[in-house]
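# Structural overview for review
In case you want the letters, here they are:
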Amino acid sequence: MAARCQELDGAGYGAYKQLVGSYRDEGGQWQIAVDHVQADPFAAPSKVRVIVPRAELDLASEFTASRLDRVAVSDSLAREVAAYLAGTYRAGAGSGKSNTISIGELGQEVIERTNVLVARDRIEFRLLVGLPARGRRVLGRQAATLLVDKVVAAVAAGMRTEGAALERAVWLLRDQEALRAALPERSLVAFVADGAMLARRSGASDLPLPDGVPFRSPKSLREKFVLPSGRRIKGMGVPEGVTVIVGGGYHGKSTLLRALERGVYAHTLGDGREFALTRADATAVRAEDGRPVTAQDISPFITNLPSGADTTRFSTTNASGSTSQAANVIEALQAGASALLIDEDTSATNFMLRDSVMSQLIADDREPITPLGARVRGFYVRRGVSTVLVAGGSGAFLGLADTVIAMDAYVPANVTVRAHEIGRGHAPEQLPVSAEMFGPDVRRLAGPQFASGPKPPKARGEEVITVGKSAIDLRSLSQLAGAAQVSAIALALRRFDALADGGALLADVADALCEELAAGVETLAPGRAHPGHLTLPRRFEILAAVNRFRNLRVE
C-alpha cells in the first residue's frame, strides 16, 4: 500500500480512487481495506477498515457469544481507539479534511453501533479517514504514513485493551439490561441507584459534573436488586402511575428527569448514570412550535376549533405549542410508549392545565383545549401508560399523583402524603379515557414518501434530515443519541417506501422496519462492507422523523 500511495504523489485528487481494494499490513496478519475514496479533500472522509483476526483479542469467546455482549465489546474497543486518537494523534497540514482519522463520536451511551464489528472470526474497525491533499493534489507520502502507520497504530491501541477491562464492560451491560428488564416486574418505570452522579458539566457537555452530589434514595421508595454479575444494588424506584417531581429552582428536578430520559440507553463506566435506568419505551414529549402535523387525530385534546377544522384528521404546517404537544403525546402513545416524560418548563401552559380563575372569564365551552391534566389518570388506569412530570410552578397535579418526589439540593424525598393533603380539592377534573381513544396509528401511506425526488433522505448533523429541498427538524427530540443515530434514521426513511408497498398503514411499516432492525443496525446499509458510522435508533425517533416530514402524504 505504501508504494502505491507514493506512486500517486502529485496526481489529481481523483487518483486516490486507485487505492480502493484490500492490502496486508507488514506483518501479514491484518488486512487494510479501502472501501470508498472521497471525491475531493472537502467531501466526507474516505471509508477504511482494518480487519484483525478474532484470535488476537484478549477475551474468551463466551464474552462475545451474544449480541448484547458484542455490543459491549465493540463499544469498549471503539472507545480505546477514540481515546488513543484524541490523546496522541494530530492532523497534519493539508486542504479540507486532510490527515483526519475518526472512529466516530461515541457519546456516553452504550448502544449498538457499526464503528467496530465483532464477529466469530474477525474484528473490523471501521474508520473514516481524510486522505491528505495540497489543494486538490495527492500527497502520496503523507497518505502512506497515514494509512500504513497512523491508522494501524490506532487500531493496535484498541487491540491492546486488556481482557479484564472487556469483561467488566460485558458484565456491566449485562447487569444494566437485566435490571431494565426487571422494572416492569417490580411495577417500576425507572430506577436510580444510590451514588449515581446525575448532573452534567453543562448544557453542551454530557460528561459528569466532577463535584456533583451523589444520589441518595428516600427509604420509602428504595428498591434492591441482585444482578447477573452477583452485584447487589439499591436505589430509588420510580413507580408506575403518575409521578410528579417538585422542588425549588436549581434543586435538581430537571436533572433527574433528564437522567430518566437518557436512561432508555445504557451508559459507559464512569458516566455516573450507569444504573439510572428507564424502561426502553419511555418517551419524552414537549411543546414544539412550528412542527408540521399531518392527518393526525388530536381530538382527545383539541376539539371545536373556531375555524371548524376536523381535529380527528388534523393537519397544519405550523403547529402552535399546545397543538404540537397534543400531537407529540398522541404519536408517542401510538408508537407504544409505556411512560411519558414531561417537563413543565418545556410544555405549553394551556395544554398542561386549565386555570379555574381563567375559566370564570373564558367559559369552558369556548375553550377548545382539553388539558393533559384532565386525561393523565386515565392514561394509566385505562391504558397502563405512566407519566413522570416535573412541576415547578403549578400544584395542580399534586392531587392526581400516585407519587410526589421533592428535590432539595439534588436530594430526593417522598412527599406524597403531604402533597395529597395540600392538593386535595385542587386537582383538575378527570375526563374519561376510552380504550380506543389513543389507539394504533391507522393512517395509510399514499404511495412513496421519501423517494419521490432526486435526493434521498440524508442526515445533516445531529438535528436535521433533508429530503430533497425539504428538511425534517429533529431538534425537539431530546432522546436522540447523536449524529450517527440521525444518519441511521435517514437510512430507515429510505426503507419506508419499500416496506409500505404502495399503501400500508404507517404503524405496520414501522413494525416491519423494527423487525428488520432486530437483526442489527447494519441492515440499514445492505451490501456495504463499510456502512459508515450508524447507531441503532428507537422506533419512537424513527416515527417522530416520519411525522415531522412536511410532505407526508396519507390517504
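No experiment lies behind these values; they were computed from the predicted model shown. (Residues numbered from 1 in each chain as written. Predicted model: local features only at pLDDT ≥ 70, side-chain atom pairs only at ≥ 80, totals over all residues. Heavy atoms only, no water.)

## With respect to the domain arrangement of the protein
Quick reminder of the rule: Where each domain starts and ends comes from a domain assignment, either automatic or drawn from a database. What makes two residues a contact is simply this: any of their non-hydrogen atoms within 4.5 Å. Two parts placed together each lose some accessible area under a 1.4 Å probe, and the buried area is that loss summed for both. For salt bridges, the criterion is a side-chain nitrogen of Lys or Arg within 4 Å of an Asp or Glu carboxyl oxygen. The term polar contact refers here to a pair of N or O atoms within 3.5 Å; inside protein, the definition further demands a hydrogen-donor-capable atom paired with an acceptor-capable atom, and it admits residues adjacent in sequence only when both atoms are side-chain atoms. Secondary structure elements follow DSSP: runs of H or I of four or more residues count as helices, runs of E of two or more count as strands, with numbering from the N terminus. Following the grouping adopted for this structure description, the nonpolar residues are Ala, Val, Leu, Ile, Met, Phe, Trp, Tyr, Cys and Pro, the charged ones are Asp, Glu, Lys and Arg, and the polar ones are all others, Gly among them.
Each assigned domain of the protein is listed with its residue range as follows: domain 1 (1-161), domain 2 (184-439) and domain 3 (444-548). The C-alpha-based centres of domain 1 and domain 2 are spaced at 43 Å. Counting from both sides, the interface comprises 6 residues of domain 1 and, opposite them, 10 residues of domain 2. When the two sides are added together, the surface that domain 1 and domain 2 hide from each other amounts to roughly 620 Å², 54% of it contributed by carbon and sulfur. Among the residues of domain 1 in contact with domain 2, Gln 108, Glu 109 and Val 110 are the three that bury the most area, contributing 83% of the side total. Across the pair Arg 262 and Glu 109 runs a salt bridge, and its minimum N-O distance is 2.7 Å. Across the contact surface, domain 1 and domain 2 share 4 residue pairs in polar contact (both at pLDDT 80 or more). Among the secondary structure elements, those contributing two or more residues to the side of domain 1 that touches domain 2 are α2 (67-88) and β5 (109-110). In the side of domain 1 that touches domain 2, the residues fall into 2 nonpolar, 1 polar and 3 charged.

## Looking at the pattern of salt bridges
To be explicit about the condition: Only protein chains enter the accessibility calculation, which uses a 1.4 Å probe. A residue is then buried if its area is under 20% of the maximum for its type, exposed if over 50%, and partly exposed in between.
Considering all chains together, one arrives at 30 salt bridges under this definition. Asp 75 is the partner of Arg 113 in a salt bridge, and the nearest nitrogen-oxygen pair spans 2.9 Å. Of this pair, Arg 113 sits in the loop between β5 and β6 (116-118) while Asp 75 sits in helix α2, placing them 38 residues apart in sequence. Since its relative accessible area comes to 12%, Arg 113 is described here as buried. Ionic contacts of the salt-bridge type, sharing partners, join the residues Asp 35, Arg 49, Asp 121, Arg 122, Glu 124, Arg 126 and Glu 522 into one network.

## Thoughts on the sheet that holds strand β13 (residues 222-226)
Whether parallel or antiparallel, the strands of a sheet pair through hydrogen bonds between backbone atoms. Going by this rule: Paired strands, as defined in this entry, are two strands with at least two bridges between them according to DSSP. An axis is simply a line fitted to the C-alpha atoms; with a helix, the fit covers only the stretch in contact. Between two such axes, the angle follows the N-to-C directions and lies from 0 to 180 degrees.
The strand order across the open sheet built from 4 strands is β13-β14-β10-β17, with neighbouring strands paired in antiparallel fashion. At either margin of the open sheet sits one strand with a lone partner, and together these are β13 and β17 (276-278). Along the sheet, successive strands turn relative to each other by an average axial angle of 30°, direction set aside. Sheet analysis places β13 next to strand β14 (residues 232-239), joined by 5 bridges and oriented antiparallel. Note that in β14 the partner of Phe 225 across the bridge is Ile 233.

## Brief notes about the pairing of strand β12 (residues 205-208)
Of the pairings in the sheet, the one linking strand β11 (residues 200-202) to β12 comprises 2 bridges and is antiparallel in character. Bridging from a neighbouring strand, Arg 200 pairs with Pro 208 of β12.

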